[in-house]
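What follows is the residue order along each chain.
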Amino acid sequence: MTTTPQQDTQEPQDTQGPVAVDARDTAEAGRGGADHPGTDTRGGGSGAWRAGIQRAIRAGSHPEPWKRGPVLAALALLLGLLMLLHARIPDGMKNVGSLVETFLPWFGLFVPVLLAGALRRRSASAVVALLLPVTVWLNLFGGVLSDKSHPGGDLTVVSHNVGAGNPDPAGTARDLAASGADVLALEELTTQARGAYEKGLAKAYPYHTVKGTVGLWSKRPLSDTRTVDVAMLGMAGPLAEHLSAEEKAATPRALRTTVATDQGPLAVYVAHLGSVRVNPKAGLSTSQRNDGAQKLGKAVAAEDNERVVLLGDLNGTTDDRAFDGLTSQLRSAQETAGDGFGFSWPAGFPVVRIDQILVRGVEPQSSWVLPATGSDHLPVAARISW
């Protein structure tokens, strides 16, 4: 009789046993990640890490960011190729090549514009394409942004297009005399203003020479001065407005002289090459300037003195292919020892350096731009040594 109750009580336990076991198994499985790390990857740290990697791969391989902004990507590649291959742009069609090279540094401004568009469009392809113009621009001009000047130097030279329409030549002469230059080159001298410069600079510079519309003032003796033919027949530009037809054909725009220094003779050239005009129909008009640059290059090549300084308004940048005959022989003081681009024109908001100091046989120690005068150009200066 005692066995019956035991059997009665056991039956419900046997009936509920599997349920209890299942519940315990489920609880054990739920605690598996905590009690036995790594046994359940669904809740563990390694599982979350793998899930994050998978999400990143899916996001990176998603085609949408790469499909967006194809026009922006194409423009970025075109910009990079334009700067990279600027020397191959043909100059025969309205002198487009010279125009691009004149303003080449400013093409870098298109990079942030395109980058803003790429970010707004969330275009991965456009962002990657922008690496090309950024790399090319930095390769061309990255070194210009650093200060390459050094202290010291034996001679300070200054060049200034004083402007044919300068309303205050006497004031400009005072400013230039205060610059401390040992050698001072002036371009675009008119007959009317020449006396003001000679009077204003006489005390600081006992030696000077003027040939046509260019002149050189010096604290050191000058000798062997002569004009240099830079092919200025049919002269055009601001200076031409102040000259008669006969003066345009006969007026020199370049000279060569020898400056006596403590280190020996120095050949100095002063030049004002032809003006450049932009015409919507004809494009960039550079024929006079280019002809003058070629003749000036030949004169420098024939120079016997190993030490040469060229000062002047060349109406072009050293990146312009028209000056290959000069830049292959002479170094730019600004590029060698300057700080920044040294833009010199127009004086109110300089965007290009067309006033140059080029040297051979001497070492530029520093190069800079002086404050504005009454001219539409800024004076440029350099300190050189032997």
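The model shown is predicted, which means the values in this text are computed figures rather than measured ones.

Scoring rules and cut-offs
Residues numbered from 1 in each chain as written. Predicted model: local features only at pLDDT ≥ 70, side-chain atom pairs only at ≥ 80, totals over all residues. Heavy atoms only, no water. Helix = DSSP H or I, 4+ residues; strand = E, 2+ residues; numbered from the N terminus. Buried < 20%, exposed > 50% of the residue type's maximum accessible area, 1.4 Å probe, protein only. Areas by Shrake-Rupley, 256 points an atom, 1.4 Å probe, with all protein chains shown as cover. Axes fitted to C-alpha atoms, helices over the stretch in contact; angles between N-to-C directions. Parallel < 35°, antiparallel > 145°, perpendicular 65-115°, else oblique. Left-handed = near helix turned anticlockwise from the far one by under 90°. Contact = heavy atoms within 4.5 Å. Core = buried A, V, L, I, M, F, W, Y, C linked by side-chain atoms within 4.5 Å. pLDDT = per-residue confidence, 0-100. Salt bridge = Lys/Arg side-chain N within 4 Å of Asp/Glu carboxyl O. Arc of directions from axis to C-beta. Phe/Tyr/Trp six-rings, centres within 6.5 Å; stacked < 30°, edge-to-face > 60°.

**A few points about the overall build of the chain**
Stage number 1. Each helix and strand counted, the chain has 15 helices and 14 strands in total.
Stage number 2. Buried positions account for 44% of the 386 residues belonging to the chain.
Stage number 3. Just so you have it, the chain exposes about 19,700 Å², and 59% of that area is on carbon and sulfur atoms.

**Some points on the packing of helix 5 (residues 70-84) against helix 9 (residues 131-141)**
Stage number 1. The N-to-C vectors of helix 5 and helix 9 enclose an angle of 25°; their axes lie 7 Å apart at closest approach. In terms of orientation, helix 5 lies roughly parallel with respect to helix 9. Judged by the twist between their axes, the crossing of helix 5 over helix 9 is left-handed. Between helix 5 and helix 9, the contacting residues are Ala76, Leu77, Leu79, Gly80, Leu81, Met83 and Leu84 on the first element and Leu132, Pro133, Val136, Trp137 and Leu140 on the second.

**Examining the nonpolar core**
Stage number 1. In terms of nonpolar packing, the biggest core is built from 20 residues, with Leu216, Val309, Leu311 and Ile357 touching the most fellow members.
Stage number 2. Within the residue set of this core, elements represented by two or more residues are strand 1 (155-161), strand 2 (183-187), strand 4 (214-218), strand 6 (254-261), strand 7 (264-272), strand 10 (308-313), strand 12 (355-360) and strand 14 (380-385).

**Let's talk about the confidence of the model for the chain**
Stage number 1. Counting all residues, the mean pLDDT for the chain is 85, and 78% of those residues have values of 70 or more.
Stage number 2. Of the regions scoring below 50 in pLDDT, residues 1-43 engages in 8 contacts with residues more than four places distant in sequence or in other chains.

**Examining the pattern of salt bridges**
Stage number 1. As enumerated under the stated definition, the model contains 9 salt bridges in all.
Stage number 2. Salt-bridge contacts for aspartate 224 lead to arginine 226; the nearest nitrogen and oxygen are separated by 3.4 Å.
Stage number 3. Arginine 256 serves as the salt-bridge partner of aspartate 224, at 3.2 Å between the closest nitrogen and oxygen. Placement of the pair is aspartate 224 in strand 5 (residues 222-227) and arginine 256 in strand 6, with a sequence separation of 32 residues.
Stage number 4. Exposure remark for aspartate 224: the relative accessible area of 47% places this residue in the partly exposed category.
Stage number 5. By sharing partners, the salt bridges in this structure join Asp224, Arg226, Arg256 and Glu303 into a single network.

**Digging into helix 9**
Stage number 1. Those residues of helix 9 lying buried are Pro133, Val136, Trp137 and Phe141. An end-on view of helix 9 places all buried positions within 100° of arc, on one side of the element. Away from its buried face, by an angle of more than 90 degrees, helix 9 presents the exposed residues Leu131, Thr135 and Asn139.
Stage number 2. Buried-residue contacts for helix 9 involve helix 5, helix 7 (110-121) and helix 8 (124-129).

**Remarks on the environment of phenylalanine 323**
Stage number 1. Locating phenylalanine 323 in the fold gives a position in the loop between strand 10 and helix 14 (324-327).
Stage number 2. Judged by relative accessible area, which is 3%, phenylalanine 323 ranks as buried.
Stage number 3. If we skip the residues at most four places from it in the chain, phenylalanine 323 touches Leu273, Arg289, Ala293, Leu314, Asn315, Gly316 and Thr317.

**Here we look at the packing of aromatic side chains**
Stage number 1. Evaluation of the coordinates by the stated rule reveals 6 aromatic pairs.
Stage number 2. Aromatic side chains phenylalanine 107 and phenylalanine 110 sit 6.1 Å apart centroid to centroid with 50° between the ring planes, which places their arrangement in the tilted category.
Stage number 3. Taking the relative accessible area as the measure of exposure, phenylalanine 107 reaches 17% and is therefore buried.
Stage number 4. The exposure class assigned to phenylalanine 110 is partly exposed, which follows from its relative accessible area of 45%.

**Topic: the packing of helix 5 against helix 7**
Stage number 1. In the contact formed by helix 5 and helix 7, the axes pass within 10 Å of each other and the chain directions differ by 160°. Comparing the axis directions of helix 5 and helix 7 gives the class roughly antiparallel. Relative to helix 7, the crossing made by helix 5 is left-handed. Together, Leu72, Leu75, Ala76 and Leu79 of helix 5 and Phe110, Val111, Leu114, Gly117, Ala118 and Arg121 of helix 7 make up the contact between the two elements.

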